[in-house]
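Listed here are the chains, written in short residue letters.
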Amino acid sequence: MYAIFVVGRKVISSGFYSISKTIKYTVSKMSDEEDYMSSAFLEVKEDIRPGLVSKSVKRKFEIEKKRVESNKIFKTKSRKELEEESRNIGLESAIGSDNKGFAMLQKMGYKPGMKLGPEKSNNSGAGLIEPIKVIVKSNRGGLGREEEIRQRISEREGRRHKLKVYKEHETKLLTEEFRERMKSKIDDRRLMKDLKKCQKICEQLDVENGITEPMRSWFWYSLSLEKKNDDEDEEDDFDEEEEEDLTSEEKIDFILEYIRPKYFYCFWCCIKYDNEEDLNSNCPGPDKECHDDLSS
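Residues numbered from 1 in each chain as written. Predicted model: local features only at pLDDT ≥ 70, side-chain atom pairs only at ≥ 80, totals over all residues. Heavy atoms only, no water.

Novice: Sorry, what's going on with the pattern of salt bridges here?
Specialist: Between side chains of opposite charge, pairing is possible as soon as their charged atoms come close. All chains considered together, the criterion is met by nine salt bridges. The residue R79 makes a salt bridge to E83 at a minimum N-O spacing of 3.2 Å. With R79 and E83 both in helix α2 (residues 79-92) and four residues apart, the pair spans about one turn of that helix. On the basis of relative accessibility, which here comes to 68%, the residue R79 falls in the exposed class. Here E83 falls in the partly exposed class, since its relative accessible area comes to 42%. The partner of D194 in a salt bridge is R190, and the shortest N-O contact between them spans 3.6 Å. Here R190 and D194 lie together in helix α4 (residues 145-208), a separation of four residues that amounts to about one turn. Residue D194 is classed as buried on the basis of its relative accessible area of 14%. R190 gets classed as partly exposed once you look at its relative accessible area, which sits at 34%. By sharing partners, the salt bridges in this structure join R145, E148 and R152 into a single network. (Salt bridge = Lys/Arg side-chain N within 4 Å of Asp/Glu carboxyl O. Helix = DSSP H or I, 4+ residues; strand = E, 2+ residues; numbered from the N terminus. Buried < 20%, exposed > 50% of the residue type's maximum accessible area, 1.4 Å probe, protein only.)

Novice: Is there a simple way to explain a nonpolar patch on the surface in this structure?
Specialist: Together, L91, V134 and V136 make up an exposed nonpolar region whose accessible area comes to about 270 Å². Structurally, V136 is set in the loop between α3 (100-107) and α4. For V136, a relative accessible area of 47% gives the class partly exposed. (Patch = residues over 30% accessible without salt bridge, like charges linked within 9 Å, V, L, I, M, F, W, Y side chains within 5 Å. Areas by Shrake-Rupley, 256 points an atom, 1.4 Å probe, with all protein chains shown as cover.)

Novice: Would you mind going over the nonpolar core with me for this structure?
Specialist: The nonpolar side chains of soluble globular proteins are, as a tendency, buried together. Ranked by internal contacts, the top residues of the largest apolar core, which has 18 residues, are C202, F219, I255 and I259. Looking at this core, the elements with two or more residues in it are α4 and α7 (248-263). In contact with F219, other than residues within four places in its own chain, are Q199, C202, P214, F254, I255 and Y258. (Core = buried A, V, L, I, M, F, W, Y, C linked by side-chain atoms within 4.5 Å. Contact = heavy atoms within 4.5 Å.)

Keep in mind that these numbers describe shape and distance, not what the molecule does.
Structure below.
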């Protein structure tokens, strides 16, 4: 069974067009077993038809569009715009011979291209070929106000530049200080490592040669780690005071001056030579700089 029911009709109208919207419900072929509440019972179809603009309304719209375009082309300029155009034309064009002032200058000997105004003795004067340019004041500020504003801006820029230079200088100083501090820490660690190595070598050489006590208590690494007792003698107290006064680099120099001539051992070469002649002929020198120069 087929059936078409018109449920409703809604008309929307305006000044230019009308839209008619009809909602139609079509009932498809149904069997007796199908439920009337199922989706197959109703099928909604929308028929939307756009409204048509009448010829009179379209004609009015075209006339209005042409009027707007013609106004843009033949627009009447304001007095300010006309004055600005006239002034620009006058400034861009040269003064003609029909000008009364120009005619007076010609009678006084003026020729086109000559300078007007005072000249210096060296013929490089400040005479003008072109007239002074006209600067139109468009704001309501007093005379000299613009110069004051420019001066304030210049002073502000100067302060900003000084602040920028100061910050860059401070950053550079902090960076250099940090680098020096880190370099000092690295050098201290290296010296402590070299001192420890020197003490161990000195102790090993002394023990191999039957020496039971070092020349100074801090010459041996094992003794430098031991805690000092309260009943130490005066010589030990003197060694302790001497050790506190010396730096790591000075301690290294003292130990090397002891083991080099006595055992013919070069700490920087890490070699024990046979005798003094062998040491002097094969070792670059007694200090680290001699060995660094040789390696470079």
